[in-house]
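A closer look at the structure
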Amino acid sequence: MKIYLNLTLLTLLLMPSFSIAQDLNDELEEILVSASLLPITIKRSANAITIIDTDQLKNRAVVSVSDLLRDVPGLAVSRSGVQGSQTQIRVRGGEANHLLVLIDGVEANNPSQSDEFNWGTLVASDIERIEVIRGPQSSMQGSDAMSGVVNIITRSADQPLSAKAFAEVGSFDTQNSGMSVGIKDGDFNARLGISHLRTDGENISRTGSEKDGYENTNINLKSGWSLTDTLNIKFNARQSDGMTEYDSDSDFDSFVDDQDKVSEFSNTTMGLEANYKTRDGRWQHKLSMAQSKNDNQEFDVGVLGTATASTKDQYRFIGSVFWDDLTQRLSFLMEREEEKFQQRGLINDYGSFGIYDPNQDRGRDTDSMALEYRADISEKLTLAASTRYDDNSEFKSANTSRLEAIYQLSDSLSIRSAYGTAIKNPTFTERFGFYTNFIGNPTLEPEESTNWELGIDQQLLEGSLILSTTLFNSELENEIDGNFLDPVSFLYTSMNRKGLSKRQGIELSAFTKFSDALSLNTAYTYTDSVESNGDNVYIDEVRRPRHTASLNLSWQAMGNLHINTNAQYNGSQMDVVYPNNVCLADYMVVNLSANYGATEKLDIYLRFDNLLDEDYEEVFSYQTLGFSANLGLRFRF
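Residues numbered from 1 in each chain as written. Predicted model: local features only at pLDDT ≥ 70, side-chain atom pairs only at ≥ 80, totals over all residues. Heavy atoms only, no water.

So, the overall build of the protein chain
Within the protein chain, the regular secondary structure consists of 6 helices and 38 strands. If one aligns the C-alpha atoms of the protein chain with their principal axes, the spans along those axes are about 70 × 55 × 50 Å. Burial statistics for the protein chain: of 637 residues in total, 55% are counted as buried. Within the protein chain, residue pairs in contact and separated by at least 24 positions form 62% of the contacts whose partners lie at least 6 positions apart. A total accessible area of about 26700 Å² is found for the protein chain, and carbon and sulfur atoms account for 56% of it. (Helix = DSSP H or I, 4+ residues; strand = E, 2+ residues; numbered from the N terminus. Buried < 20%, exposed > 50% of the residue type's maximum accessible area, 1.4 Å probe, protein only. Contact = heavy atoms within 4.5 Å. Areas by Shrake-Rupley, 256 points an atom, 1.4 Å probe, with all protein chains shown as cover.)

Regarding a negative patch on the surface
On the surface, Glu 445, Glu 448, Glu 475 and Glu 477 cluster together to form a negatively charged patch. Note that Glu 475 resides in strand S26 (residues 465–477). For Glu 475, a relative accessible area of 33% gives the class partly exposed. (Patch = residues over 30% accessible without salt bridge, like charges linked within 9 Å, V, L, I, M, F, W, Y side chains within 5 Å. Salt bridge = Lys/Arg side-chain N within 4 Å of Asp/Glu carboxyl O. Lys, Arg positive; Asp, Glu negative; His and termini not counted. Charge placed at Lys NZ, Arg CZ, Asp CG, Glu CD.)

As for the sheet that holds strand S8 (residues 127–134)
Read across the open sheet, the 5 strands follow the order S3-S8-S9-S6-S7; overall the sheet is mixed. Each having just a single partner strand, strand S3 (48–52) and strand S7 (106–107) make up the two edges of the open sheet. Where strand S6 (residues 99–103) and strand S9 (residues 148–154) come together, 5 bridges link them in parallel fashion. From the neighbouring strand, Ile 103 faces S9, where its bridge partner is Ile 152. (Pairing = 2+ DSSP bridges.)

Structural notes on the pairing of strand S11 (residues 174–185)
Two strands pair when backbone bridges link them, and strand S10 (residues 161–170) and S11 are joined in this way by 10 bridges, in the antiparallel orientation. For Ala 165, the partnering residue across the bridge sits in S11 and is Met 179. In sequence, S10 turns back onto S11 through a hairpin of 3 residues, with Phe 172 there showing a positive phi of about 60°. With 11 bridges joining them, S11 and strand S12 (residues 188–202) adopt antiparallel strand pairing. Note on S12: the bridge partner recorded for Asp 185 is Phe 188. Between the end of S11 and the start of S12, which pair antiparallel, lie 2 residues, with Gly 186 showing a positive phi angle near 65°.

Considering a nonpolar patch on the surface
A cluster of nonpolar residues, Met 179, Val 181, Leu 192, Ile 194, Ile 219 and Leu 221, forms a patch on the protein surface that exposes about 420 Å² of accessible area. Going through the elements one at a time, S11, S12 and strand S13 (212–226) are the ones with two or more residues in the nonpolar patch. Looking at the element boundaries, Ile 194 is found in strand S12. Taking relative accessible area as the criterion, Ile 194 reaches 34% and is therefore assigned partly exposed.

So this is what it looks like as structure tokens:
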């Protein structure tokens, strides 16, 4: 394992590397990403960006999107157990709720679960493309985008009439199946996809034999209609319903106990969008309405415990004007966001600490305005500046801003830099949540960060070798962290930590195309994420490995056979074990997948996960899955 890491480091340090797996310069010019108030090409953005496209989704054939994101530089994934378990993703040492997740442009973070997006409930079916934008985006996207944005784009109908189905079986009695139908008639298109995943799983805790299973039914609807040459409307809706069986620590000894617990979830996002663009392209306007809803219920031996629910409604207008042969653009955003939080559960008597009633309804509204200016000063130089003002009903008004510069030194070499500020508002859970031994703290203040990054991108051998390096640095004030109220009863709450939390590091990645049939992606990230204990003594933050690396070898063995080999390295990391933290050992997981086109309508795929049956933990005392094999069929009618 350490040999693998050293070889990866040596290879990458001998050459800079690149954050996207595309092989030709003209292709880069075509790729549009959501790194601005309007989509822009990757080469005109100062962000480090990774694109996971349709071919990668198909060839890897993973069940969970989080398994793909493990390969992205700067991202650290922590899964609390087996498939479907709570999964967190941290970007560049930030918190899990510092990452904004969009599904077809709709904010999908869950306000009733610490503003996090639970990646354990997101299956890969019906997803066409994933954009990962690293670095603070608060100046355009607001509070939840302190460390980055992941934009998930679902599939659209691309044929006059289409119908597809897939079925998969595998280890742990896993069954995964689905179907889709689509229509594209002139200026109108619509697609409906349905999938169902069920697995018995394995026991999460280190002791006992009870298996922890997972079920997820997913429905995705997407449509678009071009009313005229200048006006089009889009609608999308996605719903996931299911349950996850899990274990937890019942006696506060930091070890997970084998228990009969179930979490039922229902997550919905929907959005309606109208886009207008004048024929000369000088004026562009977008008006959108979006809603996300989340419901969660926790059962212990069949008895309902805590239940949470949230609704987020967002209304947004973006108006843009272009001039100087469309090389300069000014965009203006107006946004209204309304959030509601609901919690139900048993009333707890904490003695001298008082009686806490979890049954409550809370809400907050945010009115925002933002400006963004972008200019292609020349074919070589692009500059951008953005600023946002948030008027929140619960906190003082906030301003965030960002400056970007991208300079093309040559046709194959560019340098990019960015500086910005960001905020993250305290969550409903941190302020008002009441659980078994957690008491909310309504006096919390927003977190604030200052960030900069510097990147170099290079292409060699006519695009067959694409390389990049990104340095990043962030300082966080008022970090919200846990604080024990009583070490005997283990009651704890949230607090704003004194001093600074510092995150810095380097992202390296490389794409090499050896031939039309063989290509290699490698990535490495070093992250130094520490927090102050209040006395200018810095300690490592938990679940943030200093070293992560990945390797993907893509081989088109025959015209109808594709083989992908994937290796993921996760360095040692600290995790919470009261009163002292514990160091989790490093590990490497190897995965193998093969796709075979049996006929024009039938594909057969085979996937081996954790090929070497690595025994490891991503969260202390939570067991992970060993070796598994899965066989699937895809059929096009």
